[in-house]
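A look at the structure
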Amino acid sequence: EEQYLIAEQKTKELEKAKEELEDYSEQLQKSSQYKTNFLANMSHELRTPLNSILILSQLLAENENQTLNEDEAGFAKVIHTSGTDLLKLIDDILDLSKIEAGKVILTVDEVNLTEIPELMKLTFNPIAEKKDIAFVIEMDANLPNVWYTDGQRLQQILKNLLSNAFKFTDKGSVQLRFEHTSQDMLAISVTDTGIGIPKDKQKLIFEAFQQVDGNTNRLYGGTGLGLSICSEFVKLLGGSIELNSTIDKGSCFTVYLPQLSQEKLDSILLAQQE
Ligand code: ADP
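Parameters at a glance
- Residues numbered from 1 in each chain as written.
- Predicted model: local features only at pLDDT ≥ 70, side-chain atom pairs only at ≥ 80, totals over all residues.
- Heavy atoms only, no water.
- Helix = DSSP H or I, 4+ residues; strand = E, 2+ residues; numbered from the N terminus.
- Near = heavy atom within 4 Å.
- Polar contact = N/O pair within 3.5 Å; in protein donor to acceptor, adjacent residues only side chain to side chain.
- Areas by Shrake-Rupley, 256 points an atom, 1.4 Å probe, with all protein chains shown as cover.
- Nonpolar A, V, L, I, M, F, W, Y, C, P; charged D, E, K, R; others polar.
- pLDDT = per-residue confidence, 0-100.
- Disulfide = S-S within 2.5 Å.
- Patch = residues over 30% accessible without salt bridge, like charges linked within 9 Å, V, L, I, M, F, W, Y side chains within 5 Å.
- Salt bridge = Lys/Arg side-chain N within 4 Å of Asp/Glu carboxyl O.
- Lys, Arg positive; Asp, Glu negative; His and termini not counted.
- Charge placed at Lys NZ, Arg CZ, Asp CG, Glu CD.
- Pairing = 2+ DSSP bridges.
- Axes fitted to C-alpha atoms, helices over the stretch in contact; angles between N-to-C directions.
- Contact = heavy atoms within 4.5 Å.
- Buried < 20%, exposed > 50% of the residue type's maximum accessible area, 1.4 Å probe, protein only.

1. Structural notes on the environment of Glu100
Looking at the secondary structure, you find Glu100 in helix H2 (residues 70-100). Glu100 sits 144 residues away from Asn244 along the chain, and the two C-alpha atoms are 27 Å apart.

2. With respect to the site of the ligand
Not every one of the 20 residues close to the ligand is listed here, only the nearest: Asn164, Asp192, Gln211, Thr223 and Leu227. At 3.0 Å from an oxygen atom of the ligand is found a side-chain nitrogen or oxygen belonging to Lys167. Contact distances for the ligand include 3.0 Å between an oxygen atom and a backbone N or O atom of Val212. Taking 530 Å² as the accessible area of the ligand by itself, protein coverage stands at 96%. Of all the secondary-structure elements, those providing two or more residues to the shell around the ligand are helix H4 (151-167), helix H6 (226-236) and strand E7 (250-258). When residues of the shell around the ligand are assigned to their parent elements, the largest contribution, three residues, is made by H4. Per-class residue counts for the shell around the ligand are nine nonpolar, nine polar and two charged.

3. So, the confidence of the model for the protein
With 98% of its residues at a pLDDT of at least 70, the protein reaches an overall mean of 90. Overall fold confidence for the complex sits at a pTM of 0.81, while the interface term, ipTM, reaches 0.98.

4. Regarding the state of the cysteines
Within the structure shown, the criterion is met by zero disulfides. Cys230 takes part in no disulfide bond, and the closest cysteine sulfur to it belongs to Cys252, at a distance of 14 Å.

5. Considerations on a negative patch on the surface
On the surface, Glu15, Glu19, Glu22, Asp23 and Glu26 cluster together into a patch of negative charge. Looking at the secondary structure, you find Glu19 in helix H1 (residues 2-62).

6. Digging into the sheet that holds E7
Reading across from one edge, E2-E4-E5-E7-E6 is the order of the five strands in this open sheet, with mixed pairing throughout. The open sheet terminates on both sides in strands that have one partner only, identified here as strand E2 (134-139) and strand E6 (240-246). Here the strands of the sheet are splayed against their neighbours by 10° on average, with no regard to which way each runs. Bridge count for strand E4 (residues 173-180) against strand E5 (residues 185-192) is seven bridges, and the pairing is antiparallel. Residue pairing in the sheet places Gln175 in a bridge with Thr191 of E5. Helix H3 (residues 116-131) contacts E2 and E4 of the sheet and is inclined by roughly 165° relative to E2. Against the sheet, H6 engages E6 and E7, with an angle of about 25° to E7.

7. As for the pattern of salt bridges
Scanning the model with the defined rule gives ten salt bridges in all. Between Lys16 and Glu20 there is a salt bridge; the shortest N-O distance is 3.8 Å. Taken as a pair, Lys16 and Glu20 lie in helix H1 at a separation of four residues, close to a single helical turn. For Glu118, the salt bridge goes to Lys121, with nearest N and O atoms at 3.9 Å. Pair noted here: Glu118 and Lys121 are both in helix H3, with a separation of three residues, about one helical turn. Take Lys121: its relative accessible area is 31%, and that puts it in the partly exposed class.

8. Some thoughts on the environment of Thr36
Residue position: Thr36 is located in helix H1. C-alpha of Thr36 to C-alpha of Ala101: the two residues are 65 residues apart in sequence and 6.8 Å apart in space.

So, in C-alpha cells, the structure goes:
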C-alpha cells in the first residue's frame, strides 16, 4: 500500500515536471522568435541611416569640386570605410540569427560558373594590386558551365573566403580554383600563401566570434563571424568545407557543393528546422 502511494506521488511529480518543461520550451521558442524579429527590425532600422552615411561620405571623399582639403577628404574616406565595415557586421549578425532560427531562405538557381571569375576579379583585383599579391583563378577543363545551387549564397561564401585570404596574406598569391570531382561535386578551393592557422585552432575558427587570437584580431580587424556563416550556408546547401593549413606557409579552404534541386534543398531546410 505504502509503496503504491509513493509510486503515485512520484508519477504526479514527474507529470508536473513534464508540464513545466513543456512550458519552458514554449517560452524558449517564443523568446528565440522575439530575438530573430528584433534583430531583423533592428538591422533594417540601422541600415537606412547607414546608407545615407555611406553615400554622402563617398561623395565627400571623391571631393570633385575640391571644396575639402586633403585631410578632410581623407576623413570622409575613413567614415566611408568604417560605415562599410558596420554594414557588413549588421548583415552578418542578421544572417547568423536567421540561420539559428531556421529562417534562412535559399533558392536553387542555374548558376553560370563561367561568370564567377569576372565577378571575383572585380571585387578583389583592387586589393590584390594594392597589396601586390597575385590573384590567380583556375577553372578545370571538364567543369560544367552551369551548376545548380543558391547563386547569391555561393557568391557570399566565395567573397568571405577570398577576403580572409587577402586579409591574412602579405606576399605571394591567392588562388581560386574550380573543379568537378569524380563524386559529381563542385569543389572550390581558395589557397593563400599567408600566415596560416595553428592546428589546434583549425576547428574552432568555424564557430561564431572565434578568431585565432586577440592580437591578430587587433592587427587585422574583423568579427569572427565570416567563417561560421560560410560553413552554415555550405551545410544548408548540402555540402562540406575542409581546411588545410600550415603556419607561415598558408591556408587552403575547399568547399564541396552537390548539384541541388529545389526539392532536395527544401528537405535539407526542413530537417534543419526540426
Ligand atoms: P574574421 O575574419 O572576421 O575574424 P572569420 O570567421 O572569417 O572572421 O575568421 C575567423 C578567424 O580565422 C580569423 O580571425 C583568423 O584568425 C582565421 N582565419 C580565417 N581565414 C584565414 C586565412 N586565410 N589565413 C589565416 N587565418 C585565417
